[in-house]
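Structural features, examined
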Amino acid sequence: MIRPDAPLLLDIRDLHASVDEQPILKGVNLAIRAGEIHAVMGRNGSGKSTLSKVLAGHPAYTVTAGSVHYRGADLLELDPEQRARIGLFLGFQYPVEIPGVSNLEFLRVATNSRRAERGDEELDTFAFEDLVHERLKVVQMDPAFLERSVNEGFSGGEKKRNEILQMALLEPLVAILDETDSGLDIDALRIVADGVNQLAGPDNATLLITHYQRLLDLITPDYVHVMAAGRILRTGGKELALELERTGYDWVDQELARLEPETVEVA
Amino acid sequence: MSTATVGDLVSQPYKHGFVTDIETEKIAKGLSEDVVRLISSKKDEPDFLLQFRLRAYRQWLQMAAPDWAALGYPPIDYQNIIYYAAPKQQEKKASLDEVDPKLLETFDKLGIPLSEQKRLSNVAVDAVFDSVSIATTYKEKLAEHGVIFCSISEAVKEHPELIEAYLGTVVPSNDNYFSALNSAVFSDGSFVFIPKGVECPMELSTYFRINSADTGQFERTLIVAEEGASVSYLEGCTAPMFDTNQLHAAVVELVVLDDASIKYSTVQNWYAGDENGVGGIYNFVTKRGQCRGARSRISWTQVETGSAITWKYPSCVLQGADSVGEFYSVALTNNHQQADTGTKMIHVGPRTRSTIVSKGISAGHSSNSYRGLVQIGPKAVGAKNYSQCDSMLIGDQAAANTYPYIRSQQPDAVVEHEASTCRISVDQLFYLQSRGIGFEEAVSMMVSGFCRDVFNQLPMEFAAEADKLLALKLEGSVG
Ligand SMILES: Nc1ncnc2c1ncn2[C@@H]1O[C@H](COP(=O)(O)OP(=O)(O)OP(=O)(O)O)[C@@H](O)[C@H]1O
Ligand SMILES: [Mg+2]
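Quick look at the structure, then.

How each quantity is defined
- Residues numbered from 1 in each chain as written.
- Chains lettered and ligands numbered in written order.
- Predicted model: local features only at pLDDT ≥ 70, side-chain atom pairs only at ≥ 80, totals over all residues.
- Heavy atoms only, no water.
- Core = buried A, V, L, I, M, F, W, Y, C linked by side-chain atoms within 4.5 Å.
- Buried < 20%, exposed > 50% of the residue type's maximum accessible area, 1.4 Å probe, protein only.
- Contact = heavy atoms within 4.5 Å.
- Donors = N, O, S within 2.8 Å, 3.2 Å for Na, K, Ca; no water.
- Helix = DSSP H or I, 4+ residues; strand = E, 2+ residues; numbered from the N terminus.
- Buried area = accessible area lost by both parts, 1.4 Å probe.
- Salt bridge = Lys/Arg side-chain N within 4 Å of Asp/Glu carboxyl O.
- Polar contact = N/O pair within 3.5 Å; in protein donor to acceptor, adjacent residues only side chain to side chain.
- Nonpolar A, V, L, I, M, F, W, Y, C, P; charged D, E, K, R; others polar.
- Phe/Tyr/Trp six-rings, centres within 6.5 Å; stacked < 30°, edge-to-face > 60°.
- Lys NZ or Arg CZ within 6 Å of the ring centre and 35° of its normal.
- Near = heavy atom within 4 Å.
- Pairing = 2+ DSSP bridges.
- Axes fitted to C-alpha atoms, helices over the stretch in contact; angles between N-to-C directions.

One finds A:L10, A:I12, A:F106, B:I361 and B:V447 to be the most contacted residues of the largest nonpolar core, which totals 109 residues. Contact partners of A:I12, with chain neighbours within four places excluded, come to A:V28, A:N29, A:L30, A:L51, A:L55, A:S67 and A:V68. Of all hydrophobic cores here, the second largest spans 37 residues; its members include B:A225, B:A260, B:C291 and B:A413.

Put into structure tokens, the structure is as follows:
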């Protein structure tokens, strides 16, 4: 829902970032207000996941220029854990497995660290069990997954549901979901989309990274952005995604060639 | 944040590094037959013990320090060590009220309160300070059950027949260089005797504290469980920070008869030296248990976090038919610490079984080796062993090695060995951090997850303690 007077949650300006001295993000601009749903699309390797990890504070990436403000504060100053505690959430494209760490205990510690930041009391194991069982329903996940190690041996789709469960527990203000739809079967896609819709509200915002219209049929974006070569090349409404579905990304090359002729590699 | 900062994280100030300022009686540095005689006479020992010591001393003179372990350290000057140091208050006090308050305070500070009001409710403690035992709690209560729990010096006086019958029968004095040295000069330690059919009504625990610099600590522990008896025993240890190395060479002997069991747990936190590897304890320990009886059981659990050098292989000799040996170990090394530790399971009797679970965590420039022997003798029909050795590396400067030796003279024995190595990855840490979990807590969650199988074996009172200790070792400034 677009409300021009809604508070600005995330304000990304001219963001440049590199990995091992190699520039990946080359000037990303993006403003996200409360209540909005944004979709970011773009070819493989265009920098979508990099953008999400830079926002979450992954240590492998160095910001070389630009700024990111989260509710007015400098986000780039903060450690990843602080960013999470104040309400930034990243649903990973490839959630890692953490053997030996119980999923339930992990979820409880994570939930409590967010609660502490908000001034809510810590949940003990019993209170947390109640909460987690309620939130499990959002993703229709089997409680048996709580007993296992974090993501260990989870199928691709199970890992993605576990990400949405975390989002449901952490109640973020800005949720970045990196290809949460890939690897999901048709039913799971609907369940996850329902979950995201349930959690979306006037006070928070969602940034969906996806390749497919089928997700955007279920979650209607207010804005669609196309990323290419580390920047946002075009922004439109939900109809831009439909147009991409028809035309593909061929036009991207011409546009990039105009912008920086020397660096374009023809796909 | 690179993995190098994960390494930094593991360095933390040692919390037990203080020195208690107390008058001690020390003998002059150096070792000779006279020194052995002096120690024995100071303790007013019966002749059989003096002879035991002298025999061991002469054996030691003929032996050379072992060099097969994956450890590097300059030769130890045995003439530059003090072999006996004791707080001046010499006589063991009848009541705790008479114990020097400074000593009580020391143990308070270490989290081992001894006084009536503060002591742990279900754990009896023998507190050993430098070379002598200063107090043992709950002695009377234990005596009602026929359980003897006292310092080994006291046992020599009160129960010489038990000492003579069992001392040196599991670890002969000439077993190795350090056991010979210990047998010659041991000063104190704990003695436990659980009579036939008795299940020890509480946890027993010995807490070792080295206080003086330049002093070697040579304690001796002997635990005997008669037919059908059982006991759970835990030892803890700390030392002040000195920039010289101190030698600790202990011997522990366990004897279990038919249907008896001993569970022996160690939380070792001797001073490890500083981040450049200066100072720290040299820990050369011989621990061995003998399952003499049928269906007897010995379980070793160790959490090794301290010492500059650890050389330690708690072992089980499985003589009795159907006897069981277990070894659960967590060894954490950091900075320039070196650990070469593991176990020996010697299957002698039929249908004997053993389990080995070893978890090594190496950080900094440390080196952590598992060395284990599973030996199946010709009479051990139907023997079984299962071994699992996992290593976790933190940073890229640390080393982990596994040396499993299997010798079987029984074609139908089942010996299984599994090993794995993992590294805490930046992506795993980032995943936890991106959920609001701090860097240090993230590392410690992964480490305690890795150690869970072993921590589950610790007595309940100490499992949380061990978890906390590892977390402490992993705490520090984040880069
Ligand atoms: N840690 C890294 N080391 C080296 N190269 C990297 C790293 N992270 C990203 N890159 C490179 O940066 C570019 C952008 O990668 P990114 O993962 O952001 O793409 P993406 O848009 O998410 O692609 P996809 O649609 O395939 O998920 C790629 O060329 C990738 O190889
Ligand atoms: Mg991606």
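Below, the discussion takes up the coordination of the magnesium ion (ligand 2). Residue and element names in this part refer to chain A. On the protein side, the magnesium ion (ligand 2) has S49 (OG) and Q93 (OE1) as donor atoms, found 2.0 to 2.1 Å from it. Highlighted residues: S49 in helix α1 (residues 48-56) and Q93 in the loop between β6 (88-91) and β7 (98-102), separated in sequence by 44 residues. For Q93, a relative accessible area of 17% puts it in the buried group.

By convention, interface size is frequently given as the accessible area that disappears when the constituent parts associate. Facing the 19 residues of chain B at the interface are 31 residues of chain A. Regarding the contact of chain B and chain A, the summed buried area is about 2,000 Å², with carbon and sulfur atoms giving 67% of it. Of all residues in chain B, the largest losses of buried area upon contact with chain A belong to B:F430, B:Y431 and B:R435, amounting jointly to 39% of the total for that side. Connecting chain B to chain A are 1 salt bridge. Notably, a salt bridge pairs B:R435 with A:E163, separated by 2.7 Å at the nearest N-O pair. Inspection of the region where chain B meets chain A yields 12 residue pairs in polar contact (both at pLDDT 80 or more). When residues of the side of chain B that touches chain A are traced back to their parent elements, those giving at least two are α9 (426-433) and α10 (439-455) of chain B. With 7 residues, the top contributor of residues to the side of chain B that touches chain A is α9(B). Its residues assigned to classes, the side of chain B that touches chain A comprises 9 nonpolar, 6 polar and 4 charged.

What follows deals with unusual backbone geometry. Within the chain, A:Q140 stands out as a residue other than glycine whose phi angle is a positive 50°. The phi angle at B:D322 is positive, at roughly 60°, despite the residue not being glycine. B:D322 gets classed as partly exposed once you look at its relative accessible area, which sits at 24%.

On inspection of all chains with the given rule, the structure shows 19 aromatic pairs over all chains. Seen from their ring centres, B:F178 and B:F284 are 4.2 Å apart, and the 10° between their planes marks the pair as stacked. With B:F178 in helix α8 (residues 177-185) and B:F284 in strand β13 (residues 280-291), this residue pair connects regions lying 106 residues apart in the sequence. Across the pair, B:F284 and B:F178 agree in class, each one buried. Through successive ring pairs, a cluster of aromatic residues spans B:Y57, B:W60, B:Y73, B:Y78, B:Y177, B:F178, B:Y282, B:F284, B:W311 and B:Y313. Over the aromatic face of A:Y212 sits the side chain of A:R214, whose NZ or CZ is 4.4 Å from the ring centroid. Sitting over the ring of B:F186, B:R53 keeps its end group 4.2 Å from the ring centre.

Here we take up the site of ligand 1. All names here are of chain A. Near ligand 1 you find 14 residues, and of these G45, K48, S49, T50 and Y61 are the closest. S49 places a side-chain nitrogen or oxygen 2.8 Å from an oxygen atom of ligand 1. Within the side chain of E179, one N or O atom sits 3.3 Å away from an oxygen atom of ligand 1. The biggest single contributor to the shell around ligand 1 is α1, with 3 residues.

It is worth spelling out the sheet that holds strand β12 (residues 231-236) of chain A at this point. Residues and elements named next belong to chain A. With respect to topology, 6 strands assemble into an open sheet ordered β6-β9-β10-β3-β11-β12, the strand pairing being mixed. Both outer strands of the open sheet, β6 and β12, are each paired with one neighbouring strand and no more. Averaged over all pairs of adjacent strands, the angle between their axes in this sheet comes to 20°, without regard to strand direction. Examined bridge by bridge, strand β3 (residues 37-42) and strand β11 (residues 223-228) share 5 bridges and lie parallel to one another. Opposite H38, over in β11, you have Y223 as the bridge partner. Packed on one face of the sheet, helix α9 (residues 250-259) meets β11 and β12 and runs near 125° to β12.

Bringing the environment of A:H16 into the picture now. All names here are of chain A. Relative to the helices and strands, H16 resides in strand β1 (residues 8-19). Sequence-wise, H16 and G47 are 31 residues apart; in three dimensions their C-alpha atoms are separated by 11 Å. Of the polar contacts made by the side chain of H16, one reaches the backbone oxygen of D14; its length is 3.0 Å.

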